[in-house]
Amino acid sequence: MATFEITTRSVKGDLKTDTMILNMGPQHPSTHGVLRLELVVDGEIIVDVIPHIGYLHRCFEKHAEQMTNYQQVIPYVDRMDYVAAMGNELAYVLAVERLMGIEVPERVQYIRVIMAELQRIASHLLAIGTYGLDLGAFTPFLWCFREREKILDLFEITCGARLLYNYIWIGGLSHDLPSEFGKKLKEFLKTFPKALKEINDLLTFNKIFIDRTANIGVLPADVAINYGCSGPMLRGSGVKFDLRKNEPYLVYDRFEFDIPVGEGKMGTVGDCWDRYYVRVREMEESLKIIEQAWEQLPPGDVHSAIPKKVRPPQGEVYFRTENPRGELGFYIISDGHTSSPFRVKARAPSFVNLSVLPEISKGYMIADLVAILGSVDIVLGEVDR
Amino acid sequence: MPEILNMLIASLIPLLFILTYAIVILWVEIKVASHVQDRLGYMYTGGFHGWAQPIADLVKLLTKEHITPVSADKILFTLAPIIVFASSYAAYAALPFTSTFIASNLNVGIFYIIAITSFVVIGILMAGWASNNKYSLFGAMRSVAQIVSYEIPTALSILTVIIVTGTLNLQEICEMQKGGIFNWIIFKYPPFMFITFLIYFTASLAEVNRTPFDIPEAESELVAGYHTEYTGMKFAMFYLAEYANMFLVSGISAILFFGGWNSPFGEFLSGPVWGVFWFVSKGLFFVFLQIMLRWTLPRLRVDQLMYVSWKVLTPISFVNIMIVGLWAILK
């Protein structure tokens, strides 16, 4: 059992003080899973943070090589970023399709966009809800969950699963949209802005919340780029980079939407509040995309392009998409004669974003570290894979 | 031996009150929290809206194993929850529940309450130190810093009331506010007594470690603060003390500012029995306010908390006490 190092020297003279090591996690309420942080603290001030990861390592990349075919990797991909499973499937499937040169029907592309954006909203809701929880606000968390529930219901009527979908298949989708999907989606689109406003009133513009997050964990744009941060982390620092706009995939170039960036409205550009607020505004933008996609949704068959046998030609591909947490990329090598990938490498946004944590949390207090970690929004399933 | 019997009864009544109140308020807190959060909360145990759930929880806590960490200081570890609970229980001795019942009618009642509740700090520090856990120690240090800091604005705002009343005896303070709502101290020297109340209410939130000042127990930072290592009944003692303290500060709010056991309608619905009703319902109203605040606000950071106490509440209460004092002299 750890004890304190107490030096018993004369109090009158130079009292020797020392830093203390505080072990945060892997079982800790605010490390969002099983992250272990080794904190070197001077009183309540953080001198250094050393993240220890790997508690949730499940050998995803090796597993992917051992599968008998490419389709079997999809359920494993689901389990990486388990709060944004649709996004993961999308990235992997698009990579394989690029490798094989499959053209999918327009309807499939539109449905994929709708699903990915719904997933983005669900994921961001979880992110801002748990962020409130980290700062001691319990109620917004459950309000966010209430809204997330509606999205999960939509997923459930579509593919039967609520968390890990296996919905997006190579060349198509497992099911077409059910008939009642449109009605439920419209209902959600109508009620969600109101709910978002409520959450904003309760949490986003709360004086205490702003005091806790503004000017905390400032991540300058150059540091963010150097560390390879992506997603809301990068955009929170004021860098306007979003793969949906900069490198459009699917049919994203047909929609009108903005890329929210951190403006330092409450403090400095790139502080925790900016990162948080980028997420809130991204949800509004996602709503716009879903509305447009639903209006333009063409009829068609979602199974028509699904290949009988997935055996890509020899070669390699790197494909990246904008996941809720940032740039999710899959690098796949095919040897051309087996039906399983020779090598799969995932570039996980959470993993890269987490690497910047020690850089931005030095000199703040322990309570701030919780705020900073929450604003990085990691999912350990993806960090460890 | 009738005297000893009398004393025993007088001391048992507050204890019984605390226990029944704790069970009721546990249920109320969960139900209020649930409705704030758009969910149902307890629904099954006992039938109507899970009314028996707190009792079940209590039984569970009673039957749980007492775990003492190997490297803990066993004596202090056991003593801490007792001190924390005992000091808040002892404070109930000077609370006038009604015009005819007060466990001990001290002529320095309010001073006694301030003094005896300071023991809580010692208990918390003992708990944090004895647990031999870094999180516990952090929680205890924060808690002590917080409670000691907030005792100053609390004491200053109570002092302001004492300038108005001229007595430290809580029963006399209640007596003075007889005759309807407009005789309550909150309406005296407008608006300064109202400011005093706001200061007292804010500071008392910090004294009982409630949101937005629940930093000692900050769940997401310190796991559970000073009671991280406690289990079973020892843990329940801390919990009970927290809820007892919540009513204590609310009861003092009611007595000092809102007429204590007096009816707001003058003679209408007054008398010893109605007195209990008015006092308890006024106290519960402020407990309810504390619960609502808890489920609405995030929590402050340690330095922001200190800022609120030393740079906002303390100076304002100094100015306030001077104005009220001058006014009282000039009148």
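Residue indices follow the written sequence of each chain, beginning from 1 at its first position. Chain letters and ligand numbers both follow the written order, the letters beginning at A and the numbers at 1. Owing to the predicted nature of the model, reporting of local features is limited to residues with pLDDT of at least 70; listing and counting of side-chain atom pairs is limited to 80 or more, with chain, interface and lining totals taken over all residues.

Engineer: Looking at this structure, I do not really get the sheet that holds strand β6 (residues 315–323) of chain A. What am I missing?
Structural biologist: Across a sheet, strands are paired by hydrogen bonds formed along the backbone, either parallel or antiparallel in direction. Residues and elements named next belong to chain A. The criterion for strand pairing is that DSSP finds at least two bridges linking the strands in question. Going along the chain from the N terminus, every DSSP run of H or I of four or more residues is numbered as a helix, and every run of E of two or more is numbered as a strand. With antiparallel pairing, the 3 strands of this open sheet are ordered in space as β6-β7-β8. Strands with a single pairing partner mark the edges of an open sheet, and in this sheet they are β6 and β8 (343–347). Averaged over all pairs of adjacent strands, the angle between their axes in this sheet comes to 15°, without regard to strand direction. The pairing of strand β7 (residues 326–334) with β8 spans 5 bridges and is classified as antiparallel. Note that in β8 the partner of Gly329 across the bridge is Arg347. Note on geometry: axes are lines fitted to C-alpha atoms, helical ones only across the stretch in contact, with angles between N-to-C directions running from 0 to 180 degrees.

Engineer: Even after reading the chapter, I still don't get the nonpolar core, so can you show me in this structure?
Structural biologist: Inside soluble globular proteins, nonpolar side chains tend to come together where they are buried. The biggest cluster of nonpolar side chains holds 202 residues, and the ones touching the most others in it are A:Met86, A:Tyr92, A:Val93, A:Ala95, A:Val96, A:Ile372 and B:Val84. It is the C-beta atoms, placed from the backbone, that decide contacts: two residues are in contact if theirs lie within 7 Å. Among all residues touching B:Val84, those that are not within four sequence positions of it are B:Val120, B:Gly123, B:Ile124, B:Met237, B:Phe238 and B:Ala241. Working definition: the nonpolar core is a set of buried Ala, Val, Leu, Ile, Met, Phe, Trp, Tyr and Cys residues, joined through C-beta atoms within 7 Å. Think of it as a crowd count around each C-beta: if 20 or more other C-beta atoms lie within 10 Å the residue is buried, if 12 or fewer it is exposed, and in between it is partly exposed, with C-beta placed from the backbone throughout.

Engineer: When you look at the interface of chain A and chain B in this model, what are you seeing that I'm missing?
Structural biologist: Often, the extent of an interface is quoted as the loss of accessible area on bringing the components together. Tallying the contact residues gives 29 residues for chain A and 25 residues for chain B. Class assignment of the residues belonging to the side of chain A that touches chain B gives a composition of 16 nonpolar, 7 polar and 6 charged. Each residue receives one of three labels: charged for Asp, Glu, Lys and Arg, nonpolar for Ala, Val, Leu, Ile, Met, Phe, Trp, Tyr, Cys and Pro, and polar for the others, Gly being one of them.

Engineer: Explanation requested: the sheet that holds strand β3 (residues 45–52) of chain A in the structure shown.
Structural biologist: All names here are of chain A. As summarised here, the arrangement of the 3 strands in space is β1-β2-β3, forming an open sheet in which the pairing is antiparallel. Each end of this open sheet is capped by a strand with a single partner; those strands are β1 (20–24) and β3. Direction aside, the axes of adjacent strands within the sheet are offset by 25° on average.

Engineer: Can you help me understand the packing of helix α4 (residues 106–134) of chain A against helix α11 (residues 272–296) of chain A in this one?
Structural biologist: How two helices pack is summed up by the angle between their axes together with the distance between the axes. All names here are of chain A. It is the contact of α4 with α11, at a shortest axis distance of 9 Å, that shows an interaxial angle of 155°. Between α4 and α11, the angle is such that the two are roughly antiparallel. Crossing geometry of α4 relative to α11 is assigned as left-handed. Residues Tyr110, Val113, Ile114, Glu117, Leu118, Arg120, Ile121, His124, Ala127, Ile128 and Tyr131 of α4 form the contact with α11, whose participating residues are Tyr276, Arg279, Val280, Glu282, Met283, Ser286, Ile289, Ile290, Ala293, Trp294 and Gln296. To sort the angles, those under 35 degrees are grouped as roughly parallel, those over 145 as roughly antiparallel, those from 65 to 115 as roughly perpendicular, and the leftovers as oblique. Rotating anticlockwise by less than a right angle from the far helix to the near helix defines a left-handed crossing, while the corresponding clockwise rotation defines a right-handed one.

Engineer: Honestly, helix α3 (residues 85–100) of chain A in this entry has me stumped. Any pointers?
Structural biologist: Residues lying three or four places apart along an α-helix face the same way, a consequence of the helix completing one turn every 3.6 residues. All names here are of chain A. In this analysis, the expected span of each helix is defined as 1.5 Å times one less than the number of residues it contains. For α3, which comprises 16 residues, the first-to-last C-alpha distance of 23 Å matches the rise-based estimate of 22 Å (1.5 Å per residue) to within 8%. The element α3 is largely enclosed, with a buried count of 14 among its 16 residues. Looking one or two places after α3, you find Gly101, whose phi comes out positive at around 70°.

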